[in-house]
Amino acid sequence: MGENLALNIADHGFKVAVFNRTTEVMKKFIARENPPGGLVGCETLKELVAAIKKPRKVIIMVKAGAAIDAVTQQLLDAGIESDDIVIDCGNSQWTDTIRREKQYAGKCKFFGSGVSGGELGARFGPAVIPGGDPEAWKHLKPIWDAIAAKVDAKTGKPIETAQPGKPVIGGVPCSAYIGPNGAGHYVKMIHNGIEYIDMQLIGEAYWLMSRLLGMSATEIGKVFAAWNEGDLDSYLIQITADILQQPDPVHKGENLVDYILDTAGQKGTGKWTSVNALDMGIPANAIAEAVFARCLSALKDERVAAGKQLTGPTPSYSGNRQELINAIRDALYCSKICAYAQGFQLMREAQKEYNWKLNFAEIASIFRGGCIIRARFLQKITDAYTRSADLTNLLLDPYFNQQIQNAQTNWRKVVGLAATNGIPAPAFMSALSYYDGYRSPRLPANLLQGQRDYFGAHTYERTDNPRGKFFHLDWPEAKRPQLEVSGH
Ligand code: 3PG
């Protein structure tokens, strides 16, 4: 990704000095590429630092974690100065970025920027998600705006390009300053958490079509290709259509996807999102479910052994095939709305905790192009937050509310079919539980509070008293009068 980002920057006419700890790698790169801005190969970090105009802007593209600190220190040793900007474009944890900005203050301006879009995105236009010192941002903005993916100003649709040396001219850049210190990396993490649930939902839709309708991977791929023409139009749906229809290179006439082992890997950003949700007490259950679904998939040997002992129904469906396909599409769409609602709820809470002022319309708008979750849907989220910057929850936006009203019967039908046929659909199910929980003025937490008070004297509030007044009962002698407890 580092090479591709350098080429993208140079495509826009900026001269780029490049360094790799393995000089041979750097030399091969320089020999291979000839972008318009030009590349200057550096064999040492001292050479790199000497080659760049002040204030220097140095992008680090190394593995998140200790390597970032090691390289930053090496840069300082090589002559980086207090006004120079060191930008971490990896998937760093936002708390590390907050810590690093403080730690390196006075030595350099440490800046965090998320970059999403994979290797191709880095080369031809990623979504960039910068956060850090606003003064440093002034120096970075022209470069970030230039290299970012572009969307059409009227439609919000990505303007695709994949031509070296011929960047997109015009369009709206998928780049906007997010906020100070770790804000950029935080929002990038949420992007990835949403990416996890988006991918899981697509996987569940595929699996329901396969298990309930006995459809082949190619047939399902064609369904995804058709969905990509409608409201679900997105990069992940589009690549899913391709992946499902990809022939296997080994077994002629068969599909590669049927030979890919069903154990998912992960690098951690979905987990960080879920841990952060737990820390802040925000119900991002569908996002967490997507992480756990990967964990469950990874227990391959256990699942194979358990499958020999644990029984369940054999999937069967005798209804109309096209109706079920449409219902699965609706379930996917409704669940996706809940997933994004959860991601945006997290950002809403985090901004209070870190004193950021996040612009949700702008965040949704930079996700419209370049990044992995880019989708037509993001224009609708941009519109929702443009209508109401303080929207409490995306579900309350009139457009999304209406979408769920239109599609929820199908969503419930699909979740019911998954349950009765023994097909795991944890993300569809937890998204529906989130929706039903969020719209419920009453939940069974009254009983739960009773239990907590019974075994731990944790107290409860009463429906017939003002909030903040706490009671305790000396259980189980329930006939005793209730005592009012204060100070909890
Ligand atoms: C990445 O950073 O490559 C992806 O956005 C997330 O990676 P993961 O699925 O391996 O965690």
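Fair warning: this is a prediction, and the values are worked out from it, not measured in the lab.

Neighbouring the ligand are Asn 91, Asn 192, Glu 195, Tyr 196, Gln 266, Lys 267 and Arg 294. In this structure, Asn 192 approaches the ligand through a side-chain N or O atom, which is 3.4 Å from an oxygen atom. At a separation of 2.9 Å, an oxygen atom of the ligand approaches a polar side-chain atom of Arg 294. Its free accessible area being 320 Å², the ligand has 72% of it covered by the protein chains. Of the residues forming the shell around the ligand, the biggest block, 3 residues, is contributed by helix H8 (residues 183–213). When its residues are assigned to classes, the shell around the ligand shows 1 nonpolar, 3 polar and 3 charged.

With 34 residues, helix H14 (residues 321–354) ought to run about 50 Å at 1.5 Å a step, and its terminal C-alpha atoms sit 49 Å apart, in line with that. Here H14 lies mainly inside the structure; 24 of its 34 residues are buried. Measuring from the side-chain oxygen of the N-cap residue of H14 to the backbone nitrogen of Gln 322 gives 3.0 Å; that N-cap residue is Asn 320.

So, on to the nonpolar core. Core analysis: the largest hydrophobic core is formed by 99 residues, its most contacted members being Tyr 186, Phe 224, Trp 227, Tyr 340, Ile 381, Trp 411 and Phe 428. With 17 residues, H14 is the single largest residue contributor to this core. Two domains share this core, each providing at least three of its residues, namely domain 1 (2–179) and domain 2 (185–438). In this structure, Ile 85, Cys 89, Leu 140 and Ile 147 belong to the second largest nonpolar core, which totals 24 residues.

With that settled, consider the pairing of strand E2 (residues 39–42). In terms of strand pairing, strand E1 (residues 16–19) meets E2 through 4 bridges, oriented parallel. Each residue of the ladder has a partner; that of Val 18, found in E2, is Gly 41.

What the domain assignment reports for the protein is domain 1 (2–179), domain 2 (185–438) and domain 3 (445–485). Taken over C-alpha atoms, the centre of domain 1 sits 57 Å from the centre of domain 3.

As a further point, take unusual backbone geometry. Going from Lys 54 to Pro 55, the amide bond is cis rather than trans, its omega being -10°. Within the secondary structure layout, Pro 55 lies in the loop between helix H3 (45–51) and strand E3 (57–60). Here the phi dihedral of Asn 181 falls at roughly 35°; this positive angle occurs in a residue that is not glycine. Locating Asn 181 in the fold gives a position in the loop between strand E9 (172–173) and H8. For Ala 457, which is not a glycine, the phi torsion comes out positive at approximately 50°. For Ala 457, the location among the structural elements is in the loop between helix H19 (445–456) and strand E10 (470–472).

Here we take up the sheet that holds strand E4 (residues 85–88). Across the sheet, which stays open at both edges, the 4 strands sit in the order E3-E4-E5-E6 with mixed pairing between neighbours. Strands with a single pairing partner mark the edges of an open sheet, and in this sheet they are E3 and strand E6 (127–131). Direction aside, the axes of adjacent strands within the sheet are offset by 25° on average. Relative to E6, strand E5 (residues 109–116) runs antiparallel, the two being bridged by 5 bridges. Counted as the bridge partner of Ser 116 is Ala 127 from E6.

Opposite charge on two side chains allows them to pair when their charged atoms are near. The final tally for this structure, using the stated rule, is 26 salt bridges. Between Arg 56 and Asp 84 there is a salt bridge, with the nearest N and O atoms lying 2.6 Å from each other. Of this pair, Arg 56 sits in the loop between H3 and E3 while Asp 84 sits in the loop between helix H4 (66–77) and E4; the two residues are 28 residues apart in sequence, bridging distant segments of the chain. In this structure Asp 84 comes out as buried when scored by relative accessible area, which is 2%. The residue Asp 330 makes a salt bridge to Arg 329 at a minimum N-O spacing of 3.3 Å. Here Asp 330 falls in the buried class, since its relative accessible area comes to 13%. For Arg 329, a relative accessible area of 31% corresponds to the partly exposed category. Where salt bridges share partners, they join Lys 54, Arg 56, Glu 81 and Asp 84 into one cluster.

Relative orientation of the contacting elements helix H11 (residues 269–280) and H14 amounts to 60°, with a least axis distance of 11 Å. Taken together, the axes of H11 and H14 are oblique relative to one another. For the pair H11 and H14, the sense of crossing is left-handed. Every residue of H14 that contacts H11 at Thr 273, Asn 276, Ala 277 and Met 280 is listed here: Leu 346, Glu 349, Ala 350 and Glu 353. When its residues are assigned to classes, the contact of H11 with H14 shows 4 nonpolar, 2 polar and 2 charged.

Definitions and cut-offs
- Residues numbered from 1 in each chain as written.
- Predicted model: local features only at pLDDT ≥ 70, side-chain atom pairs only at ≥ 80, totals over all residues.
- Heavy atoms only, no water.
- Near = heavy atom within 4 Å.
- Polar contact = N/O pair within 3.5 Å; in protein donor to acceptor, adjacent residues only side chain to side chain.
- Areas by Shrake-Rupley, 256 points an atom, 1.4 Å probe, with all protein chains shown as cover.
- Helix = DSSP H or I, 4+ residues; strand = E, 2+ residues; numbered from the N terminus.
- Nonpolar A, V, L, I, M, F, W, Y, C, P; charged D, E, K, R; others polar.
- Expected span 1.5 Å × (residues − 1).
- Buried < 20%, exposed > 50% of the residue type's maximum accessible area, 1.4 Å probe, protein only.
- Core = buried A, V, L, I, M, F, W, Y, C linked by side-chain atoms within 4.5 Å.
- Domains from an automatic or database assignment.
- Pairing = 2+ DSSP bridges.
- Axes fitted to C-alpha atoms, helices over the stretch in contact; angles between N-to-C directions.
- Salt bridge = Lys/Arg side-chain N within 4 Å of Asp/Glu carboxyl O.
- Parallel < 35°, antiparallel > 145°, perpendicular 65-115°, else oblique.
- Left-handed = near helix turned anticlockwise from the far one by under 90°.
- Contact = heavy atoms within 4.5 Å.

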